[in-house]
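Remarks on the overall topology
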Amino acid sequence: MNQHIDTIPVWDVYRTDCECPLCALAKKNEEEYVDNFLGASVMEPDRRVEVNEKGFCRRHFKMMFDAGNRLGLALMTDTYMKRTIEKLADNAKKAAKAGAEEAQKGFIARMGKKNADIGACADEIFDLTGRCIFCERLNTAMDRYVYTFLYMYKHESDFRRAVAESKGFCLDHYAQVMKAAPQHLSGKELGELIETITRIEMENLARVEKDLEWFTLKFDYRNRDKPWGASQDAVERSVNKMRGGAV
Ligand SMILES: [Zn+2]
Ligand SMILES: [Zn+2]
């Protein structure tokens, strides 16, 4: 394993009391991307070219919209739209041609197979909208954090203890760690890791579910005067436990 990896951010999130340390890292990274893209670099040519080619997914567009820098987002989105309109020009011609051909087809020709050209045009548009700079960066960053996590698990007994005492992960990150683990660990180390993360995941899913159940029971008038306990934020914690960073 590479010795020159940054373990500090991973330790930092393990020192906070969170339901998924990897979600906490993802959130921190996404906030940095938003700051970075809407900040001084909004007019940097390299950055603009990348935005123009890839754009953003719905969630990340919303994140930038919510950040409140309307002008920054407008400048970036304007050139992205111009470029997309350019790219769509050929597609629009092909779609118009396919539409015109389809309209000319007689009954017998229409009985044959469906118009593949129209479907191909749609697929090209899906390719255009299917990319996101932030998602691509985040995927790379999260692969790296999972690798760092496994490195630390292998080399630091303090970290192994912190993991064993943590609240596990969201389901997606639990699966991501499990999937990556055999690529970097084997034998006793791998076996112990899988046993530990599985135990804490199941314990903590059950804990959060109990909090959520109590949240629902609190709406029964007979429980009105009983304490909320840990249930007041149980809905958001449950949703985020099931689908990391959802709300
Ligand atoms: Zn997560
Ligand atoms: Zn995205």
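This section reports on the structure supplied with the text. (Residues numbered from 1 in each chain as written. Chains lettered and ligands numbered in written order. Predicted model: local features only at pLDDT ≥ 70, side-chain atom pairs only at ≥ 80, totals over all residues. Heavy atoms only, no water.)

Looking at the metal site, the zinc ion (ligand 2) is ligated by Cys57 (SG), His60 (ND1), Cys132 (SG) and Cys135 (SG), spaced 2.0 to 2.3 Å from it. Around the zinc ion (ligand 2), the four donor atoms sit at angles spanning 102 to 114°, and that spread fits a shape best called tetrahedral. Every donor residue of the zinc ion (ligand 2) comes from the same chain, spaced as C-x2-H-x71-C-x2-C. In terms of burial, cysteine 57 and histidine 60 fall into one category: buried. (Donors = N, O, S within 2.8 Å, 3.2 Å for Na, K, Ca; no water. Tetrahedral: all angles 85-135°; square planar, octahedral: opposite > 155°, others 65-115°. Buried < 20%, exposed > 50% of the residue type's maximum accessible area, 1.4 Å probe, protein only.)

Take the environment of lysine 226 next. As for its position among the elements, lysine 226 is in the loop between helix H11 (187–217) and helix H12 (234–242). Setting aside residues up to four positions removed in sequence, lysine 226 forms contacts with Trp214 and Lys218. There is a polar contact of 2.9 Å between the side chain of lysine 226 and the side chain of asparagine 223. (Helix = DSSP H or I, 4+ residues; strand = E, 2+ residues; numbered from the N terminus. Contact = heavy atoms within 4.5 Å. Polar contact = N/O pair within 3.5 Å; in protein donor to acceptor, adjacent residues only side chain to side chain.)

Take the coordination of the zinc ion (ligand 1) next. In the first shell of the zinc ion (ligand 1), the protein supplies Cys20 (SG), Cys23 (SG), Cys170 (SG) and His173 (ND1), at 2.0 to 2.3 Å from the metal. In this structure, the zinc ion (ligand 1) is coordinated by four donor atoms arranged in tetrahedral fashion, with angles at the metal of 100 to 117°. The exposure class of cysteine 23 is buried, given its relative accessible area of 15%.

So, on to H11. For H11, spanning 31 residues, the distance from its first C-alpha to its last is 45 Å, which sits close to the expected 45 Å at 1.5 Å a residue. Restricting attention to buried positions, one finds in H11 the residues Leu190, Leu193, Thr196, Ile197, Ile200, Glu201, Asn204, Val208, Asp211 and Phe215. In this structure, the buried side of H11 is in contact with helix H8 (133–155), helix H9 (157–164), helix H10 (171–184) and H12. (Expected span 1.5 Å × (residues − 1).)

With that settled, the discussion passes to the packing of aromatic side chains. Under the counting rule described, the total for this entry stands at 15 aromatic pairs. An angle of 70° between the planes, with centres 5.7 Å apart, marks the rings of phenylalanine 149 and phenylalanine 169 as edge-to-face. Of the two residues, phenylalanine 149 sits in helix H8 while phenylalanine 169 sits in the loop between H9 and H10, which places them 20 residues apart along the sequence. Owing to a relative accessible area of 1%, phenylalanine 169 belongs among the buried residues under this scheme. Taking 6.4 Å as the distance between ring centres and 85° as the angle between the ring planes, the aromatic pair formed by phenylalanine 219 and tryptophan 228 counts as edge-to-face. Every member of this aromatic cluster is reached through a ring pair, and the members are Trp11, Tyr14, Phe149, Tyr153, Phe159 and Phe169. Positioned over the ring face of phenylalanine 37 is arginine 47, at 4.2 Å from the centre of the ring. (Phe/Tyr/Trp six-rings, centres within 6.5 Å; stacked < 30°, edge-to-face > 60°. Lys NZ or Arg CZ within 6 Å of the ring centre and 35° of its normal.)

Here we come to the packing of helix H5 (residues 70–104) against helix H7 (residues 116–129). Between two packed helices, what matters for the description is the angle formed by their axes and the separation of those axes. At a minimum axis distance of 9 Å, the contact between H5 and H7 shows a crossing angle of 170°. Here H5 is positioned roughly antiparallel relative to H7, judged by the angle of their axes. Contact with H5, carried on its side by Tyr80, Thr84, Lys87, Leu88, Asn91, Lys94, Ala95, Ala98 and Glu101, involves Asp117, Ile118, Cys121, Glu124, Ile125 and Leu128 of H7 and no other residues of that element. Residue composition of the contact of H5 with H7, by class: eight nonpolar, two polar and five charged. (Axes fitted to C-alpha atoms, helices over the stretch in contact; angles between N-to-C directions. Parallel < 35°, antiparallel > 145°, perpendicular 65-115°, else oblique. Nonpolar A, V, L, I, M, F, W, Y, C, P; charged D, E, K, R; others polar.)

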